[in-house]
Amino acid sequence: DAGVIQSPRHEVTEMGQEVTLRCKPISGHNSLFWYRQTMMRGLELLIYFNNNVPIDDSGMPEDRFSAKMPNASFSTLKIQPSEPRDSAVYFCASSQTAPSGSGLDTQYFGPGTRLTVL
Amino acid sequence: AQKITQTQPGMFVQEKEAVTLDCTYDTSDPSYGLFWYKQPSSGEMIFLIYQGSYDQQNATEGRYSLNFQKARKSANLVISASQLGDSAMYFCAMTNFNKFYFGSGTKLNVKP
């Protein structure tokens, strides 16, 4: 089975440019998560979708960040304009959430996108 | 308030010995899930083991076991017979109410 797929794996861009990160969750999973990992702040949840609907975006740092999930098999995280402090590894994860929505389900992570903003 | 606490930033263990990585959590909800993930130097996050708050027995997966002490709110990971490939960062995580919390991680080094 294919795991969570993320692209690109590495992205180097200049400050002010738009960056789009992509994620394909595991087929059949109905929840999708975007995380950011830095040395200083560790692993932070940015946004969480369930059945393509954003459930919790309280972790999105500011308006420069936006995420969409147009269908069950694709999500994007966009940063516009990008800043050097956005440099991090961005992970996408997916899970199969039970109908009860207890949120106790195992999340499976993609390989991450290492973003460097110069 | 910190939900997941991993007090060991780094640990060493001799190959073939067992090691325990500590994790304590904070929640007042009776329903929650506890997880451990491994992150090797290559960067991927690998799911290791899961424990539900209502599970009566401690979870085990091969050489991994979760020492779940509910009253003490601890969920320590035990790795038996350490291997060189176990050298990595290990993260404890908790979910409840569709919220997800990760600890700061423990870096494990297995010595030959």
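Right above here is the structure, for reference.
Source: prediction; values computed, not measured.

Undergrad: Account for empty space enclosed by the protein, naming residues and giving values.
TA: Following the criterion strictly, the structure yields one cavity of 30 Å³ or more and no others. The computed volume of the largest cavity comes to approximately 40 Å³. Around the largest cavity, the lining residues are A:Tyr35, A:Asp105, A:Gln107, B:Phe35, B:Tyr37, B:Ala93, B:Met94, B:Thr95, B:Phe100 and B:Phe102. Where the lining of the largest cavity is concerned, the elements lending two or more residues are strand 5 (33–39), strand 10 (88–96) and strand 11 (99–102) of chain B. With three residues, the top contributor of residues to the lining of the largest cavity is strand 10 of chain B. When the residues that make up the lining of the largest cavity are grouped by side-chain class, the tally is seven nonpolar, two polar and one charged.

Undergrad: Talk me through unusual backbone geometry; I want residue IDs and the actual numbers.
TA: Here the residue pair A:Ser7 and A:Pro8 is connected by a cis peptide bond, since its omega of -10 degrees sits within 30 degrees of zero. Looking at where A:Pro8 falls in the secondary structure, it is placed in the loop between strand 1 (5–7) and strand 2 (10–13). Cis peptide bonds are those with omega within 30 degrees of zero, and the linkage from A:Gln80 to A:Pro81 qualifies with -10 degrees. Secondary-structure assignment places A:Pro81 in the loop between strand 8 (74–79) and strand 9 (88–95). Its identity is not glycine, yet B:Lys73 carries a phi of approximately 55 degrees, on the positive side. Summarising the element assignment, B:Lys73 is placed in the loop between strand 8 (64–69) and strand 9 (74–79). Looking at B:Lys73, the relative accessible area reads 31%, which means it is partly exposed.

Undergrad: A description of the state of the cysteines should follow, citing residues and the corresponding values.
TA: What the rule picks out here adds up to two disulfides over all chains. Two residues, A:Cys23 and A:Cys92, share a disulfide whose sulfurs are 1.9 Å apart. Here the S-S torsion is close to -70 degrees, and the disulfide linking A:Cys23 with A:Cys92 is therefore left-handed. Of this pair, A:Cys23 sits in strand 3 (residues 19–24) while A:Cys92 sits in strand 9, and the two are 69 residues apart along the sequence. Judged on exposure class, the residue A:Cys23 and its partner A:Cys92 are both buried. A sulfur-sulfur distance of 1.9 Å marks the disulfide that ties B:Cys23 to B:Cys92. Taking the torsion about the S-S bond as the criterion, the B:Cys23 to B:Cys92 disulfide, at about -65 degrees, is left-handed. Note that B:Cys23 is positioned in the loop between strand 3 (19–21) and strand 4 (24–25) and B:Cys92 in strand 10, a separation of 69 residues in sequence.

Parameters and conventions
- Residues numbered from 1 in each chain as written.
- Chains lettered and ligands numbered in written order.
- Predicted model: local features only at pLDDT ≥ 70, side-chain atom pairs only at ≥ 80, totals over all residues.
- Heavy atoms only, no water.
- 1 Å grid on protein atoms, 1.4 Å probe; cavity = no way out; pocket = protein on both sides within 12 Å on 5 of 7 lines; lining within 4 Å.
- Points joined across faces, edges and corners; volume = space filled by probe spheres on them.
- Helix = DSSP H or I, 4+ residues; strand = E, 2+ residues; numbered from the N terminus.
- Nonpolar A, V, L, I, M, F, W, Y, C, P; charged D, E, K, R; others polar.
- Buried < 20%, exposed > 50% of the residue type's maximum accessible area, 1.4 Å probe, protein only.
- Disulfide = S-S within 2.5 Å.

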